[in-house]
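Understanding the architecture of this molecule
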Amino acid sequence: MHGVIESSDATLHYETAGSGQPVLFLHAGVADSRMWDTQFTARAGWQLIRFDMRGYGTSRLGSERFTNRDDALAVLDHLGIDSAVIVGCSIGGNTALQIAETAPERIEGLVLVGADAPGYDPGIDYESPEWPAAIEAFESGNLRRVAELEAEMWLAGVGRSTSDLDRRLVELFIDMDLTALGTEADRQQLDVGQPLEHLPEVEGPVLVVVGERDIPQIIASAEHLAAGFDANPVFIPNTAHLPPMDASRRFSETLGRFLTT
């Protein structure tokens, strides 16, 4: 089922599938809800929910100040859902942590994929080799080139190239990222969410997932997150920042085991 939540001149497009325990998926900052396409094919016993954050995919940014945390809770409220397992990738993972901090009663479990650890400095000075060219392309307005370079950084990852990947997957990433890049400046002005300074307390189970080809800072953050939640991090080989896309089968199996334990 597809639906729209309207908020002044902003809109949030969401989708649900299946029935049972609610599971809310929050996408990465270089993607939109399509990054969860594979996960939306397994529905037995679960009510799956995903939406495009403001300024991503088909959701309209509008002109009001907002937080992704409040928008995620608004989707659950609109669907009459009191609590859910929340699965967040990258910025989606940080949004999930913010929900855990401010509304812990809404959390049945937490899955953090390639997420930063709040208040943690890994002390690693690594810069993707594509980063300087991506900055130059962004400043010149060549967003297609930025998206191509970010595909190298985030989809292919360390020690690999997009030429090693299914071209359809690369083009999906670029299509999602182009929309995100086009609204980036306005989103940064309107998003009033504040980063957390510490790990929130979470009563439900926590799963931390990271791709082995992600940047070293994110891998270190995954280890720190897992230690803070007394969990073992799951490292997925031959994938980078977006395991639900690039290692969809392995990630779905990992998520399925978590949801059924």
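Residues numbered from 1 in each chain as written. Predicted model: local features only at pLDDT ≥ 70, side-chain atom pairs only at ≥ 80, totals over all residues. Heavy atoms only, no water.

Another point: the overall build of the chain. When you go through the chain residue by residue, the secondary structure sums to eight helices and eight strands. A compact globule built from 261 residues should have a C-alpha radius of gyration of about 18 Å, and the chain, at 17 Å, falls within 12% of that. Seen through its C-alpha atoms, the chain measures out along the principal axes to roughly 45 × 45 × 35 Å. Per-residue burial for the chain yields a buried fraction of 52% across its 261 residues. Residue pairs at least 24 apart in sequence account for 73% of intrachain contacts in the chain once pairs closer than 6 positions are excluded. Accessible area for the chain stands at about 11,700 Å²; split by element, carbon and sulfur atoms hold 46% of it. Separation between the mean location of the 18 positive side-chain charges and that of the 41 negative ones in the chain comes to 7 Å. (Helix = DSSP H or I, 4+ residues; strand = E, 2+ residues; numbered from the N terminus. Rg over C-alpha atoms; globule rule 2.2 N^0.38 Å. Buried < 20%, exposed > 50% of the residue type's maximum accessible area, 1.4 Å probe, protein only. Contact = heavy atoms within 4.5 Å. Areas by Shrake-Rupley, 256 points an atom, 1.4 Å probe, with all protein chains shown as cover. Lys, Arg positive; Asp, Glu negative; His and termini not counted. Charge placed at Lys NZ, Arg CZ, Asp CG, Glu CD.)

Let us look at the nonpolar core. Judged by nonpolar contacts, the single largest core of 80 residues is most densely connected at Met-35, Phe-51, Val-87 and Leu-242. Considering each element in turn, this core owes the most residues, eight residues, to helix α4 (residues 143-156). With near-sequence residues (within four places) excluded, Leu-242 lies in contact with Ala-28, Val-30, Met-35, Cys-89, Trp-154, Leu-155 and Phe-173. (Core = buried A, V, L, I, M, F, W, Y, C linked by side-chain atoms within 4.5 Å.)

This part covers the sheet that holds strand β7 (residues 206-211). Taking strand neighbours across the sheet as the criterion, the eight strands line up as β1-β2-β4-β3-β5-β6-β7-β8 in an open arrangement whose pairing is mixed. Of all the strands in the sheet, just β1 (2-7) and β8 (234-236) have a single pairing partner and so form its edges. Direction aside, the axes of adjacent strands within the sheet are offset by 20° on average. Relative to β7, strand β6 (residues 107-113) is paired through four bridges, and the arrangement is parallel. When the bridges of β7 are listed, Val-111 appears paired with Leu-207. (Pairing = 2+ DSSP bridges. Axes fitted to C-alpha atoms, helices over the stretch in contact; angles between N-to-C directions.)

Another point: the pairing of β1. By the bridge criterion, six bridges tie β1 to strand β2 (residues 10-17) in an arrangement that is antiparallel. Bridging from a neighbouring strand, Ile-5 pairs with Leu-12 of β2. Where β1 folds back on β2, the antiparallel hairpin that results is connected by two residues, among which Ser-8 adopts a positive phi of roughly 55°.

Take unusual backbone geometry next. Leaving glycine aside, a negative phi is the common case for residues, and trans is the common case for peptide bonds. Phi at Ser-90 is positive, roughly 55°, even though this residue is not glycine. Within the secondary structure, Ser-90 sits in the loop between β5 (84-89) and α2 (91-102). For Ser-90, a relative accessible area of 16% corresponds to the buried category. Here Asp-230, not a glycine, exhibits a phi torsion of approximately 55°, which is positive. Its location among the elements puts Asp-230 in the loop between α6 (216-228) and β8.

As a further point, take α6. Here α6 spans 18 Å end to end across 13 residues, near enough to the 18 Å set by a 1.5 Å rise per residue. When we look at burial in α6, the residues that qualify are Gln-217, Ile-218, Ile-219, Ala-220, Ser-221, Ala-222, Leu-225 and Ala-226. Elements in contact with the buried residues of α6: α2, β6, β7 and β8. Once α6 finishes, Asp-230 follows within two positions and takes phi at roughly 55°, a positive value. (Expected span 1.5 Å × (residues − 1).)

A word on the side chain of Asp-32. Position of Asp-32 among the secondary structure elements: in the loop between β3 (21-26) and β4 (46-51). We classify Asp-32 as buried; its relative accessible area is 1%. A polar contact is formed between the side chain of Asp-32 and the backbone nitrogen of Arg-34, at a distance of 2.9 Å. Every residue in contact with Asp-32, bar those within four places of it in the chain, is listed here: His-27, Asp-52, Tyr-56, Gly-57 and Met-176. (Polar contact = N/O pair within 3.5 Å; in protein donor to acceptor, adjacent residues only side chain to side chain.)

The next subject is the pattern of salt bridges. Considering all chains together, one arrives at 14 salt bridges under this definition. A salt bridge links Arg-145 to Glu-148, with the nearest nitrogen and oxygen atoms 3.5 Å apart. A residue pair is termed a helical-turn pair when its members lie 3 or 4 positions apart in one helix, as Arg-145 and Glu-148 do in helix α4 at three residues. Take Arg-145: its relative accessible area is 39%, and that puts it in the partly exposed class. When its relative accessible area of 26% is taken as the criterion, Glu-148 is described as partly exposed. What you see here is one network of salt bridges that share partners, running through Arg-144, Arg-145, Glu-148, Arg-167 and Glu-171. (Salt bridge = Lys/Arg side-chain N within 4 Å of Asp/Glu carboxyl O.)

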